[in-house]
Amino acid sequence: MADTVRLTDEDVEQRLAHLDELLERVESVAGPAADAALAAVRGLTEIYGEALARIRDLAGPELAEQLTGDQLLDHLLVLHLLHPDPVEQRVATAVEHAAEALRPRGATLELLGIDEGVAAVRLTTKGCGGGSASGAEEAVRDALLAAAPELLDVRRVPDEPAAAFVPLETLLPATAPAAGTA
């Protein structure tokens, strides 16, 4: 059997983005041809999902771990609701990865919990760059929804206000310098 050229993770991401664009174009067109194209995509997705489910069922624990360790296969297991890890674990892992990526930019990220399909996170950014905060928030949201499409929403919980520190010296009455000192 001849060696086949394998796609890199970046190649896969580019192709998935292109497929999303194509599907959006097909979905925007009305008519029987568009309906048939979408039905064909759904049918292929179901068949490939079933094939992936059979592979997962045949896989032992070691191979199952390898499957989830591959970015594309992990994504497909999530997409087809076949991932062996529970949603809470996948969200926690996604938060850890996002927090690592945000840390060099001075931001922190914390998962507060998941309730009724909604993940609550606390995202703290430094500085007053609202644009970077909204970009970070959107990136976190995308990462969590990609890791767990079962989530209904990702909500940012506002930062808790920091306790105001007032030095004691500012509260005490000013004292006059002692005699003989200037």
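Quick summary incoming for the structure in this document. (Residues numbered from 1 in each chain as written. Predicted model: local features only at pLDDT ≥ 70, side-chain atom pairs only at ≥ 80, totals over all residues. Heavy atoms only, no water.)

## Some remarks on the sheet that holds strand E2 (residues 118-124)
Strand order in the open sheet formed by 3 strands is E1-E2-E3, with mixed pairing between adjacent strands. Of all strands in the sheet, those bounded by a partner on one side alone are strand E1 (108-115) and strand E3 (153-156). In this sheet, neighbouring strand axes are inclined to one another by 25° on average, regardless of whether the strands run parallel or antiparallel. Bridge count for E2 against E3 is 4 bridges, and the pairing is parallel. Across the sheet, residue Ala119 finds its bridge partner in E3, namely Val154. On top of the sheet, helix H5 (residues 87-102) reaches E1 and E2; it is set at about 165° to E1, its chief contact. (Pairing = 2+ DSSP bridges. Helix = DSSP H or I, 4+ residues; strand = E, 2+ residues; numbered from the N terminus. Axes fitted to C-alpha atoms, helices over the stretch in contact; angles between N-to-C directions. Contact = heavy atoms within 4.5 Å.)

## A word on a nonpolar patch on the surface
Nonpolar side chains collect at one region of the surface, where Leu16, Leu19, Leu22 and Leu72 lie side by side and expose about 280 Å² of accessible area between them. Following the sequence through the fold, Leu19 ends up in helix H1 (residues 9-27). Judged by its relative accessible area of 46%, Leu19 falls in the partly exposed class. (Patch = residues over 30% accessible without salt bridge, like charges linked within 9 Å, V, L, I, M, F, W, Y side chains within 5 Å. Areas by Shrake-Rupley, 256 points an atom, 1.4 Å probe, with all protein chains shown as cover. Salt bridge = Lys/Arg side-chain N within 4 Å of Asp/Glu carboxyl O. Buried < 20%, exposed > 50% of the residue type's maximum accessible area, 1.4 Å probe, protein only.)

## Notes on the pattern of salt bridges
Taken as a whole and judged by the stated rule, the model has 7 salt bridges. Where Arg56 meets Asp57, a salt bridge forms, and the shortest distance between an N and an O atom there is 3.0 Å. Classification of Asp57 as exposed rests on a relative accessible area of 54%. The salt bridge partner of Glu150 is Arg90, with a shortest N-O separation of 2.6 Å. In this pair, Glu150 sits in the loop between helix H6 (130-147) and E3 while Arg90 sits in helix H5, placing the two residues 60 residues apart along the sequence. In the salt-bridge network here, residues are joined through shared partners; they are Arg141, Asp153 and Arg155.

## Some details on the environment of Val95
Summarising the element assignment, Val95 is placed in helix H5. Those residues in contact with Val95 that sit more than four places away from it in its chain are Leu109, Glu110, Leu111, Val121 and Leu144.

## Describing the packing of H1 against helix H2 (residues 32-58)
Close contact between H1 and H2 brings their axes to 9 Å; oriented N to C, the two are set at 140°. What the angle tells us is that H1 and H2 run oblique. Within the contact between the two elements, H1 uses Leu23, Val26 and Glu27 and H2 uses Ala34, Ala37, Leu38 and Val41. Looking at side-chain class alone, the contact of H1 with H2 contains 6 nonpolar, no polar and 1 charged residues. (Parallel < 35°, antiparallel > 145°, perpendicular 65-115°, else oblique. Nonpolar A, V, L, I, M, F, W, Y, C, P; charged D, E, K, R; others polar.)

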